[in-house]
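A look at the structure
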Amino acid sequence: MLLGAAAAGSCRGSRRGRTPDGELLTPGKAAGHRIRDLGGEGVRVPDAAWRTAEVVVIGGGVAGLCAAWWLDRAGVKDVVVLELDRVVGGTAQAGASAVTPYPWGAHYVVSPLRHQTSMIALLEEMGALDGTDDHGEPVAAEDLRVRELEERVFHLGRWYEGQYLYAGASRDDRAQLARFRAEVDRWVAWRDGRGRRAFALPASAGSDDAEVTALDRLSFAAWLDERGLGSPRLRWLCDYACRDDFGLLAADTSAWAGLAYFASRLARPGAEHQPVVTWPAGNGAVVAHLAGKLGARVLVDHAVADVRQSGHDVEVVAHTPDGVRGFRARRAIVAIPGFVARKVVAPLRAGARAIPALDRGAWAVANLHLDARPRAHHGDAPLAWDNVLYDSASLGYVVATHQRGREHGPTVFTWYYPFTGDGATARRELDTASREDWAEAALADLARAHPDLRARATRIDVAYWGHGMPRPRVGAVFDPALAAARAPLGPIHFAVSELSGVALFEEALDQGVRAADEVIAALGVRAGADADADADADADADADADGDRDRDRDRDRVRDRDRDRVRDRDRDGVGDGVGSGGNP
């Protein structure tokens, strides 16, 4: 039931006043069903509807955009990105009002460590980094690091600063928190025989040593149990972390993923977690940058229904509002979820390899447009960027105007609700609830902390993410089928965050870059700065050669002129014999 029986009751008739107007968004749902209904196998593409490109990227989510962006940086300019929706970005989409941009999904990245070269390149390009610290780690630009107050938690009628609820914590609660942090620090310090961390962002930079992979075979809750870490406050924190990043409870989450949430964000033992980098639009700001770099090479409303090998090349068939279109390319990058790819990629339809049995979680997101901030209460921690309710099944809300330093006036609260249970059941629940139901659920959830919220809300828009993210259940991250799914099938390459086992921006970027690097190698292109440097060196060498030839011509002209002068002098009898030996 939506947020439990109490909230469900508020959704079914016990409403206090009119529900604010708004819109229901179901990103990709209609277009995805169009693929299912129309199909692509055997569809004839008119001769005039074919076009060619060096690389076609299927999917305009973060992984697909990053793959195309990385190719572009390497000098592969003849790239086309095909997106089935009317906007790009996938779960990193954003919206905007007259007041502020706001996220519809993913809303931050973690400030990178120095090994994250592609993330550093992207953030530098966006002007989001400001040098390095004393340890040589990148420093996020001050205006993009979440400003104070970063987070607060609501419990028993009060807001408290921070995410862990220290208020009322017993001595044993605090001791268990310290023991948990010591365990995390031990893993932060751990290195395998190749010098790799146990947990890193992206996951590919971390270790696959047996001691690390063993963590994927038990749940995070079981790992905590084994260490006698049963403090309700600590267990709430761990459950919240799993709900926040994975849409699961700790009892269902791989211990590897649960520990990664905490350990991968620390540069060294005892350090504070890496700063959060965010924008009012959330990760929609990064999507806008990537799409802006690619420009007209991104084609929306292109529902790809067939990807097939043709000789050494690839053919891609897409349904568009203007009819069927075809694309022929030397390489294709499939950056769509596996459950869709197995329907549209011909080798996968034919059973070329096993499809990883990934569980996908559903989400509901509501953007509450407010004409003023809810009333604050004396003694409460002030409004933060991230505001969490301790006893709620939701994740609370983020404040879109927080980074702009606006302490008063209109704003937008983005409220997140993850379904931690069965994904298919959640999708049915999403389909049966209306926009008004979810608007009322959000209001009922937040009214405990903000009794005047309904009076402040002028509009509530809702989005459903039925297949919002892959979820790292026990055994999922190091599933051999997942590793195999990263390998190309002939000229068809694969890039999507689920190939890392977890759905984070950093993973989508990493998978996009990995697939792009495969294509770059296959095309024989020298990538990035090396290619640019070689091109500059070649240009310099050509310029030097041209200069040498010009100097040789000038020297020949001077020699010929001087010889003519000597000959003239000898003929006229005025030479003194010096000139004949003085010129080469």
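Residues numbered from 1 in each chain as written. Predicted model: local features only at pLDDT ≥ 70, side-chain atom pairs only at ≥ 80, totals over all residues. Heavy atoms only, no water.

**Some words on the overall build of the chain**
What the chain contains, in helices and strands, is 19 helices and 21 strands. Within the chain, the proportion of its 584 residues that are buried is 53%. A fraction of 73% describes how many contacts in the chain between residues 6 or more apart in sequence connect residues 24 or more apart. (Helix = DSSP H or I, 4+ residues; strand = E, 2+ residues; numbered from the N terminus. Buried < 20%, exposed > 50% of the residue type's maximum accessible area, 1.4 Å probe, protein only. Contact = heavy atoms within 4.5 Å.)

**Topic: the nonpolar core**
Ranked by internal contacts, the top residues of the largest apolar core, which has 62 residues, are Phe180, Trp187, Phe199, Phe220, Trp223, Trp256 and Phe262. Looking at this core, the elements with two or more residues in it are helix H5 (171-189), helix H7 (220-226), helix H8 (232-246), helix H9 (255-263), strand S16 (359-370), strand S19 (411-418) and strand S20 (457-471). The residues contacting Trp187, other than those within four sequence positions of it, are Ala198, Phe199, Glu211, Val212, Leu215, Trp223 and Leu259. (Core = buried A, V, L, I, M, F, W, Y, C linked by side-chain atoms within 4.5 Å.)

**Re the pattern of salt bridges**
For the structure shown, the criterion picks out 32 salt bridges. With a shortest N-O distance of 2.6 Å, Asp245 and Arg265 are connected by a salt bridge. In this pair, Asp245 is assigned in helix H8 and Arg265 in the loop between H9 and strand S11 (276-277), connecting sequence segments 20 residues apart. Between Asp306 and Arg349 there is a salt bridge, with its nearest N and O atoms 2.8 Å apart. With Asp306 in strand S13 (residues 303-310) and Arg349 in helix H12 (residues 346-349), this pair connects stretches of sequence that are 43 residues apart. Relative accessible area serves as the criterion here: at 2%, Asp306 is assigned to the buried category. Ionic contacts of the salt-bridge type, sharing partners, join the residues Asp306, Arg308, Glu315, Arg328 and Arg349 into one network. (Salt bridge = Lys/Arg side-chain N within 4 Å of Asp/Glu carboxyl O.)

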